[in-house]
Amino acid sequence: MNPARLNALIRKECYQIIRDPSSILIALVLPILLIFIFTYAVSLDINHLRLGVVIEEQTAPARELAGAFINNPDFDITTATDRRQLEDALIAGSLRGLFIIPADFSARLQRGDAALQVITDGSEPNTATFVRNYCLGVWSNWLAQQQKLSGREQLPPVDADIRVWYNPELESRNFLLPGALALIMTLIGTLLTALVIAREWERGTMEALLSTAVTRSELLLGKLIPYFLLGMVSLILSVAAIILLFQVPFRGSFLLLLLTGAVFLFTALGLGLLISTTARNQFVACQIAFLSAFMPSLMLSGFLFEISSMPTVIQWLCQAIPAKYFISCLHALFLVGNIRAILLPNLLLMAAVGAILFGLTFVKTGKRLD
């Protein structure tokens, strides 16, 4: 390897990055845009749940129970005296469920066998589960309050002290944004290099490079180093936005975060180089990058779906997804801390995947024109 030739290639690529605004947009603008999307458009928290409350009995207990729903900030309540008035709204999707207070509610409440009905829209099973659990929670709190006011409060046989570790606020943003960072860096790192060599082939400059004394190692490193530095800048900006703008807690070491990010970026850039070496067209390279990098990372990394619940064959396939290991590292660093038992194995596995990708890229990159 000739240092002078490598330096010349790196300078050439840096000039090309400066002259081509698409690389700057991909590395510096796209991550912030995606972070805003994942923050405000993707959430597992249920707020302002649209619920219909049917009060078939106009008695004090029925109105008090309905008031417990109306005064709850988690609900947007629509009231009615007949369930048929709200059935069309439930079918249309403007309501996610109905809470029915029947006509004999007060009489059965005095006897101790009160029955209520919750009707949910099963077309969205997760939301239906939230509706059911929220309604049961409001009913249980109201019933305990009524027993306390009447002097019939019964102490439970077991007093459970519930503690939530690592994310005590139960904010889905604290879990989603670190995982989204892995998806963002997958997309950014792959796109940055997936278009590089493909662009050289389209412009006809690759033939000029192949006719020189530049070796394959110099060619690949000349492409890798500038985009690696650009990707690290993108990582730092993304982490700063997640921590400073959206107040996601960070309990680990920033040096370890940079180390894990560098190893993962090395892997993502290697995949992009492999794609651009194989597909000598920028459009095709971009499509392959999206299908082979972003989609598997989204579906098979454990970000959205639990890997242990997948079929065994798919679980084995997940082991080849670098984002799986990066997400584990990010969740540990953001929510827990410097857990060596999590970070070290994932770092080694990411580095192994990156080495395999660069090996394939080195073999695939030839010095001959086909």
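These figures come from a predicted structure and were not determined experimentally.

Caption draft 1: Representation of the pattern of salt bridges. Taken as a whole, this structure holds 7 salt bridges when the rule is applied. Notably, a salt bridge pairs Arg 5 with Glu 218, separated by 2.9 Å at the nearest N-O pair. Residue Arg 5 is found in helix 1 (residues 3-19), and its partner Glu 218 is found in helix 10 (residues 216-245); the two are separated by 213 residues along the sequence. Classification of Glu 218 as buried rests on a relative accessible area of 0%. A salt bridge links Lys 12 to Glu 13, with the nearest nitrogen and oxygen atoms 3.6 Å apart. Exposure remark for Glu 13: the relative accessible area of 1% places this residue in the buried category. If you follow the salt bridges from partner to partner, you end up with Lys 12, Glu 13 and Lys 223 in one network.

Caption draft 2: Focus on the packing of helix 7 (residues 172-194) against helix 8 (residues 196-203). Closest axis-to-axis distance for the helix 7/helix 8 pair is 4 Å, and the angle between their directions is 25 degrees. Between helix 7 and helix 8, the crossing angle belongs to the class labelled roughly parallel. Contacts between helix 7 and helix 8 involve Leu 192, Thr 193 and Ala 194 from the former and Val 196, Ile 197 and Ala 198 from the latter. The residue inventory of the contact of helix 7 with helix 8, partitioned by class, reads 5 nonpolar, 1 polar and no charged.

Conventions and cut-offs
Every residue gets a number counted from 1 within its own chain, in the order that chain's sequence is written. Selection of residues for local features in this predicted model requires a pLDDT of at least 70, selection of side-chain atom pairs for listing and counting requires 80 or more, and totals for whole chains, interfaces and linings are taken over all residues. Side-chain metrics rest on all non-hydrogen atoms present in the structure, leaving aside hydrogens and water. Only one rule defines a salt bridge in this text: a Lys or Arg side-chain nitrogen within 4 Å of an Asp or Glu carboxyl oxygen. Secondary structure elements follow DSSP: runs of H or I of four or more residues count as helices, runs of E of two or more count as strands, with numbering from the N terminus. The cut-offs for exposure are 20% and 50% of the maximum accessible area for each residue type, with area from a 1.4 Å probe on protein chains only; residues under the lower value are buried, those over the upper are exposed, and the others partly exposed. In this analysis, axes come from line fits to C-alpha atoms, helices being fitted only over the stretch in contact, and the angle between any two N-to-C directions falls in the range 0 to 180 degrees. For classification, angles of less than 35 degrees are called roughly parallel, those exceeding 145 degrees roughly antiparallel, those between 65 and 115 degrees roughly perpendicular, and all remaining angles oblique. Only heavy atoms enter the contact rule, under which two residues are in contact if any of them lie within 4.5 Å. Gly is placed with the polar residues, together with every amino acid not listed as nonpolar (Ala, Val, Leu, Ile, Met, Phe, Trp, Tyr, Cys and Pro) or charged (Asp, Glu, Lys and Arg).

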